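# Secondary and tertiary structure notes
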Amino acid sequence: MIARIAPFFSRAADSDLWHSFKRSPGAIIAAAVTLVILLGALFAPLIAPHNPFDLASVSIMDANTPPAWEEGGSPSFLLGTDDQGRDILSAVMYGSRVSLLVGFASVLFSMVLGVTLGLVSGYAGGRIDSFIMRIADVQLSFPAILVALLIDGVARGLLPRDMHDQLALYVLIFAIGISGWVQYARTVRGSTLVERNKEYVQAARLIGIGPITILRRHILPNVMGPVLVIATIHLAIAIITEATLSFLGVGLPPTAPSLGTLIRIGNSYLFSGMWWISIFPGIALVALVLSVNLLGDWLRDALNPKLR
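Residues numbered from 1 in each chain as written. Predicted model: local features only at pLDDT ≥ 70, side-chain atom pairs only at ≥ 80, totals over all residues. Heavy atoms only, no water.

## What about the pattern of salt bridges?
Oppositely charged side chains can pair when the atoms bearing their charge come close. The criterion, for reference: Any carboxyl oxygen of Asp or Glu within 4 Å of a side-chain nitrogen of Lys or Arg constitutes a salt bridge here. Going along the chain from the N terminus, every DSSP run of H or I of four or more residues is numbered as a helix, and every run of E of two or more is numbered as a strand. Residue burial is assigned from relative accessible area. The probe radius is 1.4 Å, only protein chains are included, and a residue is buried under 20% of its type maximum, exposed over 50%, and partly exposed in between.
Counted by the stated rule, this structure contains 4 salt bridges. A salt bridge links Arg189 to Asp129; its shortest N-O distance comes to 2.6 Å. With Arg189 in helix H9 (residues 181-195) and Asp129 in helix H6 (residues 126-140), the pair connects residues that are 60 residues apart, well separated along the chain. The class for Asp129 is buried, based on a relative accessible area of 10%. As a salt-bridge pair, Asp137 and Arg186 come within 3.0 Å of each other at their nearest N and O atoms. Here Asp137 is found in helix H6, whereas its partner Arg186 is found in helix H9, with 49 residues between them in sequence. Given the relative accessible area of 31%, Asp137 is considered partly exposed. For Arg186, a relative accessible area of 40% translates into the label partly exposed. Where salt bridges share partners, they join Arg134, Asp137 and Arg186 into one cluster.

## Examining the environment of Val154
Note that Val154 resides in helix H7 (residues 144-158). Since its relative accessible area comes to 45%, Val154 is described here as partly exposed.

## Looking at the packing of aromatic side chains
Rules: Ring geometry is summarised as follows: Phe, Tyr and Trp rings, the Trp one being its six-membered ring, pair when their centres sit within 6.5 Å, and such pairs are stacked at plane angles under 30 degrees, edge-to-face over 60 and tilted between the two.
Here the structure, examined in full by the defined rule, presents 4 aromatic pairs. Each ring, one from Phe109 and one from Phe174, has its centre 5.6 Å from the other, and the planes form 45°; the classification is tilted. Of this pair, Phe109 sits in helix H5 (residues 88-124) while Phe174 sits in helix H8 (residues 164-178), and the two are 65 residues apart along the sequence. Here Phe109 falls in the partly exposed class, since its relative accessible area comes to 30%. Given a relative accessible area of 40%, Phe174 falls into the partly exposed group. On the basis of an interplanar angle of 50° and a centroid distance of 5.5 Å, the ring pair of Trp275 and Phe280 is categorised as tilted. On the accessibility criterion, Trp275 (27% relative accessible area) is partly exposed. With a relative accessible area of 14%, Phe280 lands in the buried category. Taken together, the ring pairs in this structure connect Trp69, Trp275, Trp276 and Phe280 into an aromatic cluster.

Rendered as structure tokens:
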């Protein structure tokens, strides 16, 4: 097993992408911040000081405790507590898990749907191409947040009321994912239109290889570079969209709060002197989105041969 993995890491260390990463201080800092937040969210049950969702460990007597360095603060609650006595630091760690889960899942959904439709549209052409692209054009005329709000509202109207909280996560992932597939489809379609006329694709057709196999084995690997860049940038947009929906009260329920839900809860107390309830989740959200955006910008430049 180690013998198989070692050559992979050896090739990665010698790649142009790795050398570009080492020469970019901004990308290194962004990657470090992203990694810290990702590890903190992933191992929150192990490293978080408290479990903010365990009612047995949450005391209302600890509510609205300021950060440890302020008067009245407690070393047990480094960043203070909210109105229910939940530790803010622990809530940020657990909330980051939800935000990252929604972000990654919605981006994966958008990418699979968009890449599939882009490949079919670019390779088939004709009426199929026109039909898919007209749907994309119609969706582009609406802001992504509006599409997500519309889908979330329709789902809430169709689903039974007692199932809203249970299915809120899946509805949110679908709403954000369906609003972002167009960028992938248009990019992949343009690349597929170029690749389908090249000699290696024509040779594959002549020897009898089917369209699905050609798309999967030959065209798809050659169009994935721009897709990875879009996915990285789209991750930050998906996290912001989730936070916006949760802030508006149409995202996840307070029983499973994301960073957006924590900011919305703290917003009610922002002008009452309890600034920490909203500020620290906001800082975590800004740091996460900014670092992911910086990584996306670096990846876009690193994969662009004109900028090498």
